[in-house]
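Now for the letters of each chain:
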Amino acid sequence: MQRHLLSLFLLAVALTSIVSCSSDKSGIAIPKDATFALHVNIKSLTSKVSWQEIQQNEWFKEAYANETDSFARKTLQDPANSGIDVQGDLGVFIKKQGQGGYMAAEGGIKDASAFETFATSANKGGKVAKSGEVSVLNTGRNSLVAWTKTRFVFISDVPMPSLSNRFNSSSDISEPFSFSTDSLQRFAVELFDLPSKNNLMSDDRFASIMKEPGDIHYWVNAEQYYNSLGGMLSLLKLNVLFEGNVYGAALNFDNGKITLKSKAFLNKELKGLMEKYAGNKVSADMINRIPSKNVSAVFAFKYQPQGLLELLKLMGVDGMVNGFLGSEGYSTTEFAKATKGDVLLAVSDFEIKHETTIPNPDGGAPLVIKNDMPHANILFATSVNEKPSFDKLFAILQKKAQQIPEISSNVHFQLNNDWFAASNSPEQVNAFLSGGNNNFPFASRISGKAFGGYIDMQKIMTSGASAVTDSSAKAALDVSLGMWQDMIMTSGGQKDDAFVGEMEINLVDKNTNSLKQLNKYLDSMAKILHPKRPYDSQVRYTDPAAASLVALQPVFHP
């Protein structure tokens, strides 16, 4: 098969994300200690954008027209010819194993004989070997595919660099450990008989993620990632940020928006700390104090300073931080008294400046450089609790700023009884401290939570439009302006046994499903960025689940 078909398949994976599991998880074998796992609801996705719509895209037509292999065409025209159960369960995971790691993709088989023909045809010259009831075909490049009458597993070596190995290596450069195909075959065969107690499907936390309605679900085990670091962080107790912590999310393509709901399951120490210092809420009044009406992005959060001190102790870095502050006559205890824990970061008045003025290093007149550089006003603010404690901190900042001319000349900061503010614009500082209420429409959407974030993609794109002169770039900008509106991020605190968060990407068109819009957007961008070409043939699909086969093709022919 031609190499360009691989690009087609990979792009189809990215676009359609066809890695599916049904509600019956009995056929999926994912080890409990997998570092990463992915689930995509193919039935839900194909209800929102059909494969017939995807196959009309320019990139697909070109790639298919250039494909000359008859078997590839036959299989794409009728995915049932592969023997794969395109309506069945599919899953992908990555697992650390000893010094190395591997990736596996697995699913169901409807016709084992047809599947063997498919696998051997995709890997010409490969020979099928038997391991009990399991057939094995080496696909090359440290990978293989194994199957029974009902299931297949593709497995590939994924080297995982270890910090401890690098430090302990006698040579300057230590190559990551790599598994041989013999080891990969053993791992694959074991997956066919994975005990249910060792299957991720039996983990209540993973089950909680899967219960959230979603087109796509993913799972990350922070502890397994930490293990690849070789325990290096345990010296500072930073392992508390990893051990026992897992994260997952459900992503949905809704009408006019893409939403993501996340859950974080924390270890006993972190969970206890979060629960003890819970109840923090971002104030809408703080957000509305931003002096500019032309706001591109805002990030705000509220924390309890005493909770920060407890976290430093838990991480074992409180002594180090106090030692650093002590050299300036300050301490973490004074810092906790100085602030109420309100923090704001705002980006406004974004524009492309065609001239940039910089200080003359020789002390003469400022230098003016003609270029197209992005510029924005950046404002940082935090609330004041005990003024004397903050006065000491403010004096330290002034002293340090004077020692670094680049900061003292470009960053302006002031302090009053209620707020500390810093910005590259003195007008922004003065206006924020003076108070005000701009009644931003987005303030209510990101306040009332421990964390809130807002990005106005329309403002950013329109502000930078003056620097776009190329016709293709202008066309791409116009398409993007017709697609993306803004992004909202919030952290909602604790719900049941997890700490939850949400993200919402809003589109301009509120009435059309976002996956359908994304399909058209990518097609439009492909037409703009690549010249049009005639196509000598097209493929017809009668089954929208054909996308699953397209996603699997690179698995069998790397």
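Residues numbered from 1 in each chain as written. Predicted model: local features only at pLDDT ≥ 70, side-chain atom pairs only at ≥ 80, totals over all residues. Heavy atoms only, no water.

Engineer: Provide a residue-level description of unusual backbone geometry, including the pertinent values.
Structural biologist: Of note, Asp 349 is a non-glycine position whose phi angle comes to about 55°, a positive value. In this structure, Asp 349 sits in strand E12 (residues 342–358). Within the chain, Asn 439 stands out as a residue other than glycine whose phi angle is a positive 50°. With respect to the secondary-structure elements, Asn 439 resides in the loop between helix H18 (426–434) and helix H19 (443–446). (Helix = DSSP H or I, 4+ residues; strand = E, 2+ residues; numbered from the N terminus.)

Engineer: Now, about the packing of helix H11 (residues 268–276) against helix H13 (residues 305–315): what can you tell me, with residues and values included?
Structural biologist: Running from N to C, H11 and H13 cross one another at 170°; their axes reach a closest spacing of 10 Å. One way to sum up the angle between H11 and H13 is to call them roughly antiparallel. Here Glu 269, Leu 270 and Leu 273 of H11 come into contact with H13, specifically with Gly 307, Glu 310, Leu 311 and Leu 314. (Axes fitted to C-alpha atoms, helices over the stretch in contact; angles between N-to-C directions. Parallel < 35°, antiparallel > 145°, perpendicular 65-115°, else oblique. Contact = heavy atoms within 4.5 Å.)

Engineer: Could you give an account of the packing of aromatic side chains, with specific residues and numbers?
Structural biologist: A full pass over the atoms with the stated rule returns 18 aromatic pairs. Put simply, the rings of Phe 93, Tyr 102, Phe 177, Phe 179 and Phe 187 pair up and form one aromatic cluster. Here the guanidinium or amino end of Arg 289 rests over the ring plane of Phe 432, the centre of that ring lying 5.0 Å away. (Phe/Tyr/Trp six-rings, centres within 6.5 Å; stacked < 30°, edge-to-face > 60°. Lys NZ or Arg CZ within 6 Å of the ring centre and 35° of its normal.)

Engineer: Before we move on, could you go through the side chain of Asp 157 and cite the residues and values that matter?
Structural biologist: Within the secondary structure layout, Asp 157 lies in strand E7 (residues 151–157). Buried charge without a partner: Asp 157 forms no salt bridge, and the closest opposite charge is Lys 96, 11 Å away. Of the polar contacts made by the side chain of Asp 157, one reaches the side chain of Ser 178; its length is 2.5 Å. Polar contacts involving the side chain of Asp 157 include one to the main-chain amide nitrogen of Phe 179, which spans 3.1 Å. Among residues more than four places away in sequence, those in contact with Asp 157 are Gly 101, Tyr 102, Asn 142, Ser 178, Phe 179 and Leu 184. (Buried < 20%, exposed > 50% of the residue type's maximum accessible area, 1.4 Å probe, protein only. Lys, Arg positive; Asp, Glu negative; His and termini not counted. Salt bridge = Lys/Arg side-chain N within 4 Å of Asp/Glu carboxyl O. Polar contact = N/O pair within 3.5 Å; in protein donor to acceptor, adjacent residues only side chain to side chain.)

Engineer: Kindly report on the side chain of Gln 428, identifying the contributing residues and their values.
Structural biologist: Inspection of the secondary structure assignment puts Gln 428 in helix H18. Apart from residues no more than four positions distant in its own chain, Gln 428 is found in contact with Pro 291, Ser 292, Ser 348, Asp 349, Asn 377, Leu 379 and Ser 423.

Engineer: Give a detailed account of the nonpolar core, specifying residues and quantitative values.
Structural biologist: Counting residues in each nonpolar core, the largest one holds 29 residues, and the members touching the most others are Phe 253, Trp 484 and Ile 505. Sequence-distant contacts of Trp 484, defined by excluding residues within four places in its chain, comprise Met 457, Gln 458, Met 461, Ile 505, Asn 506, Leu 507, Val 508, Leu 518 and Tyr 521. Among the nonpolar cores identified, the runner-up in size contains 28 residues, and Ile 30, Phe 179, Phe 192 and Ala 498 belong to it. (Core = buried A, V, L, I, M, F, W, Y, C linked by side-chain atoms within 4.5 Å.)

Engineer: Give a description of helix H8 (residues 181–191) that names residues and reports values.
Structural biologist: For H8, the set of buried residues is Ser 183, Leu 184, Phe 187, Ala 188 and Leu 191. Buried residues along H8 cover an arc of 135° about the axis, so they all sit on one side. Looking at the buried residues of H8, the elements they touch are strand E2 (90–97), strand E3 (100–108), strand E6 (143–147) and E7. (Arc of directions from axis to C-beta.)

Engineer: Tell me about the packing of helix H21 (residues 471–481) against helix H22 (residues 514–529), and please be specific about residues and values.
Structural biologist: Contact pair H21 / H22: the axes reach a minimum separation of 10 Å and the direction vectors enclose 170°. One way to sum up the angle between H21 and H22 is to call them roughly antiparallel. Residues Ser 472, Ala 475, Ala 476, Val 479 and Ser 480 of H21 touch H22, and the partners they reach there are Tyr 521, Ser 524, Met 525 and Ile 528. A class-by-class count of the residues in the contact of H21 with H22 yields six nonpolar, three polar and no charged. (Nonpolar A, V, L, I, M, F, W, Y, C, P; charged D, E, K, R; others polar.)

Engineer: Describe in detail H13, supporting the description with residues and values.
Structural biologist: Pro 305, Gly 307, Leu 309, Leu 312 and Met 315 are the residues of H13 that are buried. Positive phi appears at Gly 316, one or two residues downstream of H13, with a value of about 75°.

Engineer: A description of the pairing of strand E14 (residues 412–415) should follow, citing residues and the corresponding values.
Structural biologist: Along E14, the buried face is formed by Phe 413 and Leu 415; none of His 412 and Gln 414, which line the opposite face, is buried. Where E14 and strand E15 (residues 419–423) come together, four bridges link them in antiparallel fashion. Bridging from a neighbouring strand, Leu 415 pairs with Phe 420 of E15. Counted along the chain from E14 to the antiparallel partner E15, the turn is three residues long. (Pairing = 2+ DSSP bridges.)

Engineer: Go over a nonpolar patch on the surface, please, and point to the residues and values.
Structural biologist: Together, Leu 345, Ile 378 and Phe 380 make up a nonpolar patch on the protein surface, roughly 230 Å² of accessible area in all. The topology assignment puts Leu 345 in strand E12. The exposure class assigned to Leu 345 is partly exposed, which follows from its relative accessible area of 34%. (Patch = residues over 30% accessible without salt bridge, like charges linked within 9 Å, V, L, I, M, F, W, Y side chains within 5 Å. Areas by Shrake-Rupley, 256 points an atom, 1.4 Å probe, with all protein chains shown as cover.)

Engineer: Help me get a handle on the environment of Glu 116, residues and values and all.
Structural biologist: Along the chain, Glu 116 falls in helix H6 (residues 112–122). Taking relative accessible area as the criterion, Glu 116 reaches 33% and is therefore assigned partly exposed. Sequence-wise, Glu 116 and Ala 146 are 30 residues apart; in three dimensions their C-alpha atoms are separated by 9.9 Å. Setting aside residues up to four positions removed in sequence, Glu 116 forms contacts with Val 128 and Trp 147.

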